[in-house]
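Spelled out from the first residue to the last, the chains are:
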Amino acid sequence: MEALAMLSADYEARQQFSETCSISTLLELLQSPRDEMRGMACKLLAGLANNSNVAESAVEHNAMELLSDLIKHPKLASLAQQAIDQVLNSNLSAKYWQCGQLSHSNIIKDGFFDAGQARSGEKHPSLKQLLQKPLLLNRPVLYVNLQACKTDVSEDMPSEASATSVSSKETRSKSRVGKDVKGRKGKQQQQLPAATNDKEDSNDVEAPATLPTDPTLLAYIAHVKQHIQPLPSIKEQVISLAVYISDTMGGEIKELSSFTFELVNGQVQYKEGSNLIPLGAITKGLFRHRALLYKVLCDSIGLTCSLHCSQYGRVWNTIILTMDSNCVTFVVDLVYHPGRLMLAGSPEAIQYQTV
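Owing to the predicted nature of the structure, the values given are computational and were not obtained by experimental measurement. (Residues numbered from 1 in each chain as written. Predicted model: local features only at pLDDT ≥ 70, side-chain atom pairs only at ≥ 80, totals over all residues. Heavy atoms only, no water.)

**Q** Got a minute to help me understand the overall build of the protein in this structure?
**A** A tally of regular secondary structure across the protein gives 18 helices and eight strands. Each of the 355 residues in the protein was classed as buried or not, and the buried ones make up 49%. The long-range fraction of contacts in the protein, counting pairs at least 24 apart against all pairs at least 6 apart in sequence, stands at 64%. (Helix = DSSP H or I, 4+ residues; strand = E, 2+ residues; numbered from the N terminus. Buried < 20%, exposed > 50% of the residue type's maximum accessible area, 1.4 Å probe, protein only. Contact = heavy atoms within 4.5 Å.)

**Q** I would appreciate a short explanation of the pattern of salt bridges in the present structure.
**A** Pairs can form between side chains of opposite charge whenever their charged atoms are close. Tallied over the full model, the rule gives seven salt bridges. Asp35 is paired through a salt bridge with Arg38; the nearest N and O atoms lie 2.3 Å apart. Here Arg38 and Asp35 lie together in helix α4 (residues 35–48), a separation of three residues that amounts to about one turn. Judged by its relative accessible area of 24%, Asp35 is partly exposed. Where Lys295 meets Asp299, a salt bridge forms, and the shortest distance between an N and an O atom there is 3.3 Å. Residue Lys295 and its partner Asp299 are located together in helix α17 (residues 287–301), separated by four residues, close to a single helical turn. Lys295 gets classed as buried once you look at its relative accessible area, which sits at 0%. In this structure Asp299 comes out as buried when scored by relative accessible area, which is 12%. Here the salt bridges do not stand alone but share partners, grouping Asp333, Arg340 and Glu348 into one network. (Salt bridge = Lys/Arg side-chain N within 4 Å of Asp/Glu carboxyl O.)

**Q** Would you mind showing me how to read the nonpolar core here?
**A** Formed by 54 residues in total, the largest nonpolar core has its most connected members in Leu241, Leu279, Tyr294, Leu297 and Tyr352. The leading source of residues in this core is α17, at nine residues. Tyr294 has contacts with Val238, Leu241, Ala242, Ile245, Cys305, Asn317, Ile319, Val332 and Leu334, leaving out every residue within four places of it along the chain. Cys42, Ala49, Met64 and Ile84 belong to the second largest nonpolar core, which has 28 residues in total. (Core = buried A, V, L, I, M, F, W, Y, C linked by side-chain atoms within 4.5 Å.)

**Q** Looking at this structure, how should I read the pairing of strand β5 (residues 305–309)?
**A** As a general feature of sheets, a regular strand has side chains that alternate between the two faces. The buried fraction of β5 amounts to five of the five residues, a majority that puts the element mostly inside the structure. Burial along β5 is two-sided: Cys305, Leu307 and Cys309 facing one way and Ser306 and His308 facing the other are all buried. Across five bridges, the pairing between β5 and strand β6 (residues 315–323) is antiparallel. Directly across from Cys309, in β6, lies its bridge partner Val315. Between β5 and β6, which follow one another and run antiparallel, lie five residues, and Tyr312 among them has a positive phi close to 65°. (Pairing = 2+ DSSP bridges.)

**Q** Explanation requested: the packing of aromatic side chains in the structure shown.
**A** Aromatic rings considered in pairs are described by the distance between their centres and by the relative angle of their planes. Evaluated as defined, the whole model comprises five aromatic pairs. For the pair Tyr220 and Tyr244, a centre-to-centre distance of 6.0 Å together with 90° between the ring planes defines the contact as edge-to-face. Placement of the pair is Tyr220 in helix α14 (residues 215–227) and Tyr244 in helix α15 (residues 234–248), with a sequence separation of 24 residues. Considering the side-chain rings of Tyr336 and Tyr352, the 6.0 Å spacing of their centres and the 85° angle between planes classify their relative orientation as edge-to-face. Of this pair, Tyr336 sits in the loop between β7 (326–332) and β8 (341–343) while Tyr352 sits in helix α18 (residues 347–354), and the two are 16 residues apart along the sequence. Under the relative-accessibility criterion, Tyr352 is labelled buried at 4%. Members of the aromatic cluster, connected to one another through ring pairs, are Phe287, Tyr336 and Tyr352. (Phe/Tyr/Trp six-rings, centres within 6.5 Å; stacked < 30°, edge-to-face > 60°.)

**Q** What am I meant to see in the packing of α4 against helix α7 (residues 77–90) here?
**A** Geometrically, a packed helix pair is captured by the angle between its two axes and the distance between the axes. At a minimum axis separation of 8 Å, α4 and α7 run at an interaxial angle of 20°. As the angle between them shows, α4 and α7 are arranged roughly parallel. As for the relative orientation of α4 and α7, their crossing is left-handed in sense. Residues Gly39, Cys42, Lys43, Leu45 and Ala46 of α4 form the contact with α7, whose participating residues are Leu79, Ala80, Gln82, Ala83, Gln86 and Val87. Considered class by class, the residues forming the contact of α4 with α7 number seven nonpolar, three polar and one charged. (Axes fitted to C-alpha atoms, helices over the stretch in contact; angles between N-to-C directions. Parallel < 35°, antiparallel > 145°, perpendicular 65-115°, else oblique. Left-handed = near helix turned anticlockwise from the far one by under 90°. Nonpolar A, V, L, I, M, F, W, Y, C, P; charged D, E, K, R; others polar.)

Remember, this is a structural readout, not a statement about activity or role.
Right, here's the structure in full:
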């Protein structure tokens, strides 16, 4: 008991624990018959989950289900919720899948993927599981790969005229950069690297999946930093970025029924030979694709931006602007009138989010 108390309060001790003990040890503690032990285990997991690998392993090994059960316990509810919040904030893919939203403070980083929304009884998939699934041409998983290519992005960056209109052929060719993994080429790029040492195996934390780089997404980020970030006001940056997103994904849409994108994206998925598609490979996208790209690019230049997903495929972003010394939240139109800012809760914003 005293050892757990020390671990929950001492950063170095927690780090040492994470290096020497497996996630299964924590799972056993969370199932202890003693409230004190389970409470300390919640504190320990909340501290360890600052490490994204630990957070991913906790999700994969059903720690979230155990914590959800502890929330029903009056004495442990607060500690269990703190652990859940920390795990999800360190594993944004799982948070978006489970909660359907990312807050303004949740910054999307390399390795994020959108696997859709959680269904009852369904477990959040890992990258390894997604890579191993047979090809399903229905709802591809979008992933964010911010790893630089072997060639400098600035040298390979599309011109302003072409940066917003990348052909599927060019996208396919670029997405192949870095596809060789440990000497294996072609479709074998989707294999996962082996654990680097025995210590990783003992921690039950798998090495991250190796995926093709996404130079097109990196080119978008470079363009935004060069041309949009220098704009004098936050509002101008927000609006200009919305227009840019629209241009990269098919432009302004008058009628949803006339905007066909499934076939184009299905072709990209087929050419990639995977259920996972790099975000930069999408050249024709709707709410889901545009909102995710908007969030990624906002995060890249320090614009506060949230990401929300609802039923019927509606996904949207909110941004906060200071007006007359007040913070005002707006929903950003990326589809019908790109760059239009709709006051959150207004009829037009609700229509954008639901209809």
